[in-house]
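Overview (structure and organization)
One letter stands for each residue in the lines below.
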Amino acid sequence: MGRASWVVRLALTAGECQPASIVRQGGRGCNALPGTMVRVPRWLWILRWISGIVVVALIAAVLGAWWTSRRSFPQTEGTVTVAGLNSPVTVIRDDNGIPHVYAETPENLFFAQGYVQAQDRFFEMDYRRHVTSGRLAELFGREALETDMFVRTLGWRRVAERELSLLKTDTRRYLESFASGVNAYLGDHDGAELSLEYAVLGLGGLDYTPEEWTSEDSLAWLKAISWTLGSNMQDEIARSLQAADLTRTQIAALYPDYPYRENRPVVTQGAIVDGVFEQDAKKNDTRFPRRPPFPVGARDALLRAKSASEGISALLGTGDGLGSNAWAVSGRHTASGQPILANDPHLEASMPSAWYQMGLHCVEVDRDCPFDVSGFTFAGLPGVVIGHNADIAWGFSNLYPDVQDLYLEKVLDGDRYLYNGRKPPLQVREETFEIAGEEDPVTIEVRESRHGPLISDVDEELSTVGANAPVPKDAPERDTGYAVALRWTALTPGRTADALFGLNIASGWNEFRDAASSFDSPSQNIVYADVAGHIGYQAPGLIPVRRTGDGSWPVPGWNPAYEWDDNYVPFEALPNVLDPDDGYVVTANQAVTTPRYPYFLGNAFDYGYRSQRILELLQSKEALTPDDMAEIQLDDYSELAERLTPMLRSVRLPSSYYEAGQQVLDRWNFEMDADSKQAAYFNVVWKNLLRLTFHDQLPKETWPEGGSRWWEVMRELVEAPDHVFWDNTATPDVRETRDDIVRQALIDARDELTSLMSRNPQDWRWGMLHTLTLRNPTLGSAGSPAAFVFNRGEYELSGGPSIVNATHWDASSGYQATAVPSMRMIIPLDDLDDARWINLTGASGHPYNDHYTDQTDLWVIGETLPWAFTRDAVEAAGEQTLTLEPADE
């Protein structure tokens, strides 16, 4: 009997008396003994009747969502006539729905790219432009207003509008063509035909028609990515908050130096000569003094500044888990004799994935139509961000430069502020916000100093910013406090869009570097390989040269000694290397150069455990293959576990019950496999160890996430068993030591796992704790009644923080995955049709579409898909072909 008919039958028979044989099938019983009759309490059959109604309603809701969602499924076969094209375009999709576009001109190519992306992902695109323009409240009401206010204060959209005029003519033309393609699709579709989300929002009373897409909509998303990958202002805030209760020495222990002796940086050769980084040079002829700044702490101000930024950070994802693995190996280490390049960026998990896979091909590749490229891009952005063309391949990992500084500003009456003894005016503008469900808009004033927007103006509570800030003796009177301004390179209009199109058509190292020179923000480690047999590395981006200090602490804005110089680190001086001596380029967010490099790039790098592990695995085998690269991407080994486990095993515990938990660590290979009981126990111990060691002494806003910095902190701390951090401040009459805290962490972990999983340690599994739920960032949020329609999961994961298979979890909150490898790709330069790729989700953003999560199960188990590139291979793999025909005009 089907589930629906069972529910209907239950509802119809709820008040009847049934024999016991029918009771077992769901009827109402009348007797507890065979052959007799007994009446079930009325409350029970009422409960059953209500349950039946609920189940019927749920089934109806699912069926309704399924039917409505199908209205948005795009046409992927046959012919569509589209106004705006001047020649036919062919779109070939494989059995995973991944499109390859073939056109005769760049204008038609990017027009079709916009059309196809709108087919699969328009709501995601529309949501993103509402994020970057500070207009989420128009869709989602007052709850989104504070985030909108912060984004509008930063002015992402305003910067994008100024940026457009700086770009090359070709770049502007490609952006316009892409926008025209999106708008052509919008012209023939609306509401639920575009995406199920619009139907759900309409049920809530929203009367909304999407606006036409613009070039600025595409550019503004680059600002969001820059925020995600460059928000080191959080470190400045954290240090200042910690300064209220900790000494400078104690804070330094929480931010240890990079372990250069153990984990090598990206570039180990070269020096700056006459202002140019030369990879074969041995000695720099450039020196820059680094004077430490005065540590300005402004606890109340910075708490509120942190709060103001949390909304957008929660939407986009920031934190320790964001990063990437990207490496290239020269042909002398591969079985084919040609390079192999691999990349897996680590971003916050979302539904759909941050990435969109596609190929962009000119029918005849020549000077007039130079594109023959395939890879990953962002929905809403033309071109390919990461991938390869017929000549070169490239991948990214975040460089983690320090490109943000917080300035305390002494604001005076009349919207003026103090600077260098003068009183210049603040720039003031108004921003107005429309709010869904409300008639009256909200208007705020946004103020900017010479350093940037006053993020402390975002809401009324921030007016008392800086009231308790320690400042230099010659500081101006604080009165009601100081404002906080943010200076950030991404708020300077740049040419990153030029760089992306340049990478798409580069045919060799020199053209690659020329394109990278425009990659202003976010600064990335760009890994390179080409079909001629070369591998390389380039660090691009606008990285400030500071007159004083290194950007670790907020600084007094009234003092010009803390300014950035007018120029940035020259591109010619940024680290780069072609065909490094050892034949490897490995980047995993570690330090970029040795300490001898004269310019300051940053101090928030990953501490190098992932990168060193990757390098060691590459060096352990000659004749490397793409399969070897895939195996490395899935490596679950934890160096932290290998270092800490001997100490954990040596601690005496109070009973056999606790010892039984501890004993699972015996004969462990230190791998964080989803089925590992040892990994489950170790990670719960690690979470409790961080809690017991630091939660009593650090502000809640700075509690450990458990990533590579905390690995390094703990590695040094365990060598100091009497360090003050081991002491529990809640027991003032007792001075705890390392062994006391470690013992308690082992005990608490045993009790926690018994509660969460089983008393029997043999039943523990890391994957039962370390799960991933793919959530739609809007209608899939916690508490949304539509979440079951849009979200998928839970999926059990292997891996963890600072592991090559970097499935990050936040030790301050739980074990669920917060950032993951958002895609994986492997490109052998000897045969581009032998490349492999996988996305976190599918190509489609439409729930119930076959390609909504058709890649997710493969991603979870570490599998990849074939990645066809040449026309013959694409056609052989093709399952559906759509022709876009020009309309007669």
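Residues numbered from 1 in each chain as written. Predicted model: local features only at pLDDT ≥ 70, side-chain atom pairs only at ≥ 80, totals over all residues. Heavy atoms only, no water.

With that out of the way, let us pick up the state of the cysteines. Counted under the stated rule, the structure contains one disulfide. In this model Cys362 forms its disulfide with Cys369; the gap between the sulfur atoms is 2.0 Å. Between Cys362 and Cys369 the disulfide shows an S-S torsion of about -80°. By sign, it is left-handed. Each member of the pair Cys362 and Cys369 is classed as buried. (Disulfide = S-S within 2.5 Å. Buried < 20%, exposed > 50% of the residue type's maximum accessible area, 1.4 Å probe, protein only.)

A separate point is the sheet that holds strand β12 (residues 404-409). Taken in spatial order, the three strands of this open sheet run β18-β12-β22, and their pairing is mixed. Each end of this open sheet is capped by a strand with a single partner; those strands are β18 (483-488) and β22 (555-556). Direction of pairing for β12 relative to β18: antiparallel, over a ladder of six bridges. The residue of β18 that forms the bridge with Glu409 is Ala483. (Pairing = 2+ DSSP bridges. Helix = DSSP H or I, 4+ residues; strand = E, 2+ residues; numbered from the N terminus.)

What follows is about helix α11 (residues 233-242). With nine of its 10 residues buried, α11 lies for the most part within the structure. Looking at α11, one finds that the buried residues are Met233, Gln234, Glu236, Ile237, Ala238, Arg239, Ser240, Leu241 and Gln242.

A regular strand places its side chains so that they alternate between the two faces of the sheet. Among the five residues that make up strand β31 (residues 835-839), four are buried, leaving the element largely enclosed by the rest of the structure. Alignment of strand β30 (residues 823-828) against β31, held across four bridges, turns out to be antiparallel. What sits directly across from Ile826, in β31, is Arg836. Linking β30 back to β31 in an antiparallel pair, the connection comprises six residues. With three bridges connecting them, β31 and strand β32 (residues 865-867) associate as antiparallel partners. Across the sheet, residue Ala835 finds its bridge partner in β32, namely Trp867.

Membership of the largest hydrophobic core comes to 170 residues, with the highest contact counts inside it found for Trp156, Trp227, Leu772 and Leu884. For this core, the leading source of residues is helix α4 (residues 106-132), giving 12 residues. Not counting residues within four places of it along the chain, the set of residues in contact with Leu884 comprises Val80, Val82, Leu85, Ser87, Pro88, Val89, Val91, Ala112 and Tyr115. (Core = buried A, V, L, I, M, F, W, Y, C linked by side-chain atoms within 4.5 Å. Contact = heavy atoms within 4.5 Å.)

With that settled, consider the pattern of salt bridges. Evaluation of the coordinates by the stated rule reveals 38 salt bridges. For Arg142, the salt bridge goes to Glu438, with nearest N and O atoms at 2.9 Å. Here Arg142 is found in the loop between α5 (137-140) and α6 (145-154), whereas its partner Glu438 is found in the loop between β15 (427-433) and β16 (442-449), with 296 residues between them in sequence. Note that Glu563 is salt-bridged to Arg487, the shortest N-O span being 3.4 Å. With Glu563 in the loop between β22 and β23 (564-568) and Arg487 in strand β18, this residue pair connects regions lying 76 residues apart in the sequence. One exposure class covers both Glu563 and Arg487, and it is buried. When salt bridges with common partners are traced through the structure, they connect Asp126, Arg129, Arg157, Glu161 and Asp217 into a single cluster. (Salt bridge = Lys/Arg side-chain N within 4 Å of Asp/Glu carboxyl O.)

Here the focus is the sheet that holds strand β24 (residues 576-578). On the basis of which strands lie adjacent, the open sheet formed by 11 strands has the order β1-β33-β2-β3-β8-β9-β10-β11-β19-β20-β24 and mixed pairing. For this open sheet the edge positions go to β1 (78-82) and β24, each flanked by a neighbour on one side alone. Sheet twist, expressed as the mean angle between neighbouring strand axes with direction ignored, is 15°. Of the pairings in the sheet, the one linking strand β2 (residues 89-94) to strand β33 (residues 878-886) comprises six bridges and is antiparallel in character. In the sheet register, Val91 faces β33, and the bridge partner there is Leu882. In this fold helix α15 (residues 509-516) packs onto β11 (392-398), β19 (524-530), β20 (535-538) and β24, with an angle of close to 15° to the strand it touches most, β20. (Axes fitted to C-alpha atoms, helices over the stretch in contact; angles between N-to-C directions.)

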